[in-house]
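Topology and contacts: notes
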Amino acid sequence: MPATPKEPSLPSRERVFSGMRPTGRLHLGHLLGALPNWVRLQDDYDCIYCVADLHALTTRYDNVAGMKEDGIEMVADWIAVGIDPERSIIFRQSEVKAHSELALLLGMLTPVSWLTRSPSYKEMVAELGERVATFGFLGYPVLQTADVILYKASRVPVGEDQLSHLELAREIVRRFNSIYSPVFPAPQAILTETPRLLGLDGRKMSKSYGNTIDIAEDPESVRKKVMSMFTDPARQRLKDPGHPDKCNVFSYHHFFEAPAAELDEIDRGCRAATIGCTGCKQRLAGRILAVLDPIRERREELMAAPGRIEALLEDGRRRALAIATEVFGETCQAIGI
Ligand code: TRP
Ligand code: SF4
């Protein structure tokens with residue numbers, strides 16, 4: 001007689017899963033974007049944060065030098081800003097093999113047409129060309145689905161660019177649950193409000209444009225970069241009145257939470273040409289450093305202990321593996337393999 005299938009187990013507390021590809025040091029965009037959400041969610045959920053090195057390989061397969069170090073630098077930033085490795089699980093995707101196995105199994109039931117119609121797939125192939133027209137890259141959202149459901153996570157904090165992946169994840173889950181048995185909860189996105197923080201040059205902030213300030217940037221370099229920021233082009237000389245609404249420096253003051261009275265004072269001073277851009281930027285540098293200094297100190301402490309991050313990742317790997325093994329077992333049982 002076949003064994004009666006066990007009821008699929010549900011986690012006692014809702015789980016959050018998210019990940020980032022190891023791109024090295026994180027910048028101010030992350031500091032004001034994804035990370036505050038990740039930190040906050042730790043209070044209400046069991047959180048699992050993943051160094052998505054397999055996802056990185058989908059575009060970086062021919063440029064793998066330094067990928068491990070990039071992961072370590074990124075994790076150092078996570079912890080320095082308040083991701084707590086005791087409460088949350090921090091681990092490397094490639095070290096829990098069931099991510100790959102589950103992705104393969106989900107691939108069996110995922111129509112290719114769902115993947116080729118994905119907007120980010122089309123965009124990336126248009127941008128990066130044949131180099132990313134691979135089987136692995138096409139399967140990117142399948143692997144991402146496996147990441148999340150391998151922990152029965154129901155909540156996924158992501159930026160807007162990832163919403164289509166999450167929608168696909170829900171469709172794959174629906175299909176799995178209806179073909180086999182309802183093993184997985186449908187994951188829900190928690191949308192990260194991405195602040196409209198532009199790069200230093202006023203273009204979209206991106207490491208590849210070299211227009212970012214790292215979270216762990218040294219103070220001298222932060223000052224230099226801020227002093228080089230683009231301002232309102234109408235203000236060539238001190239006596240030219242400016243338009244703070246057209247000035248990136250002003251919006252940085254805003255995003256770094258200058259008190260309303262100070263914003264108002266800068267606004268009026270700029271329009272009346274009674275304050276200068278140099279002073280305005282010096283104030284901004286001070287404001288940014290007041291936020292970055294304590295983070296950088298925590299990070300330096302972490303990095304000073306050799307092997308500390310690696311040890312934390314090992315602990316995370318063990319805790320992730322325990323959950324993944326159980327859920328993957330249920331998955332195989334549902335399929336009958
Ligand atoms: N694709 C995500 C990004 O580029 C990273 C990622 C990998 C992820 N696995 C995930 C995000 C699972 C959320 C859930 O930002
Ligand atoms: Fe921008 Fe400040 Fe200069 Fe005005 S004074 S243009 S807000 S940097």
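You'll find the structure just up there.
Attention in this report is confined to the structure presented alongside it.

**Quick look at the overall build of the chain**
Per the secondary structure count, the chain includes 15 helices and 5 strands. Based on the C-alpha atoms only, the size of the chain along its principal axes is roughly 90 × 45 × 40 Å. Residue burial in the chain is summarised as follows: out of 337 residues, 50% are buried. If you take every contact in the chain between residues at least 6 apart in sequence, the share linking residues at least 24 apart comes to 78%. When the accessible surface of the chain is summed, it comes to about 16,700 Å², and 55% of that surface belongs to carbon and sulfur atoms.

**Observations concerning the packing of helix α13 (residues 260–271) against helix α14 (residues 277–304)**
At a closest axis distance of 12 Å, the pairing of α13 and α14 adopts a crossing angle of 160°. When the interaxial angle is binned, α13 and α14 end up roughly antiparallel. Pair α13 / α14 crosses with left-handed handedness. Contacts between α13 and α14 involve Glu262, Glu265 and Ile266 on the former and, on the latter, Cys280, Arg283 and Arg287. Looking at side-chain class alone, the contact of α13 with α14 contains 2 nonpolar, no polar and 4 charged residues.

**Considerations on the side chain of His253**
For His253, the position within the fold is in helix α12 (residues 248–255). A polar contact is formed between the side chain of His253 and the side chain of Arg287, at a distance of 2.8 Å. Here His253 is in contact with Ala258, Leu263, Ile266, Cys280, Arg283, Leu284 and Arg287, once residues within four sequence places are set aside.

**Structural notes on helix α10 (residues 163–179)**
For α10, with 17 residues, the first-to-last C-alpha span of 25 Å sits near the 24 Å given by 1.5 Å per residue. Burial in α10 covers these residues: His165, Leu166, Leu168, Ala169, Glu171, Ile172, Val173, Phe176 and Asn177.

**A few points about the environment of Leu321**
Along the polypeptide, Leu321 turns up in helix α15 (residues 308–335). The exposure class of Leu321 is partly exposed, given its relative accessible area of 33%.

**A closer look at the site of ligand 1**
Lining the immediate surroundings of ligand 1 are 13 residues, of which Arg21, Tyr140, Gln144, Asp147 and Gln162 lie closest. At 2.7 Å from a nitrogen atom of ligand 1 is found a side-chain nitrogen or oxygen belonging to Tyr140. Measuring from a nitrogen atom of ligand 1, one finds a side-chain N or O atom of Gln144 at 3.0 Å. When ligand 1 sits alone it has 360 Å² of accessible area, and the protein chains cover 93% of it. For the shell around ligand 1, the secondary-structure elements that each account for two or more residues are β1 (15–20), α9 (140–149) and β4 (155–158). By residue class, the composition of the shell around ligand 1 is 6 nonpolar, 5 polar and 2 charged.

**Description of the site of ligand 2**
Around ligand 2 sit Thr231, Asp232, Arg235, Cys247, Val249, Phe250, Cys270, Cys277 and Cys280, and that is every residue in its neighbourhood. Elements with a minimum of two residues in the shell around ligand 2: α12 and α14. Along the lines of polarity and charge, the residues of the shell around ligand 2 split into 6 nonpolar, 1 polar and 2 charged.

**A look at the packing of aromatic side chains**
Evaluated as defined, the whole model comprises 9 aromatic pairs. For the ring pair Phe17 and Tyr151, a centre distance of 5.4 Å and an interplane angle of 20° mean the geometry is stacked. Pair noted here: Phe17 is in strand β1 and Tyr151 is in the loop between α9 and β4, with a separation of 134 residues, a long-range link. Each of the two residues, Phe17 as well as Tyr151, counts as buried.

What counts, and where the lines are drawn
- Residues numbered from 1 in each chain as written.
- Chains lettered and ligands numbered in written order.
- Predicted model: local features only at pLDDT ≥ 70, side-chain atom pairs only at ≥ 80, totals over all residues.
- Heavy atoms only, no water.
- Helix = DSSP H or I, 4+ residues; strand = E, 2+ residues; numbered from the N terminus.
- Buried < 20%, exposed > 50% of the residue type's maximum accessible area, 1.4 Å probe, protein only.
- Contact = heavy atoms within 4.5 Å.
- Areas by Shrake-Rupley, 256 points an atom, 1.4 Å probe, with all protein chains shown as cover.
- Axes fitted to C-alpha atoms, helices over the stretch in contact; angles between N-to-C directions.
- Parallel < 35°, antiparallel > 145°, perpendicular 65-115°, else oblique.
- Left-handed = near helix turned anticlockwise from the far one by under 90°.
- Nonpolar A, V, L, I, M, F, W, Y, C, P; charged D, E, K, R; others polar.
- Polar contact = N/O pair within 3.5 Å; in protein donor to acceptor, adjacent residues only side chain to side chain.
- Expected span 1.5 Å × (residues − 1).
- Near = heavy atom within 4 Å.
- Phe/Tyr/Trp six-rings, centres within 6.5 Å; stacked < 30°, edge-to-face > 60°.

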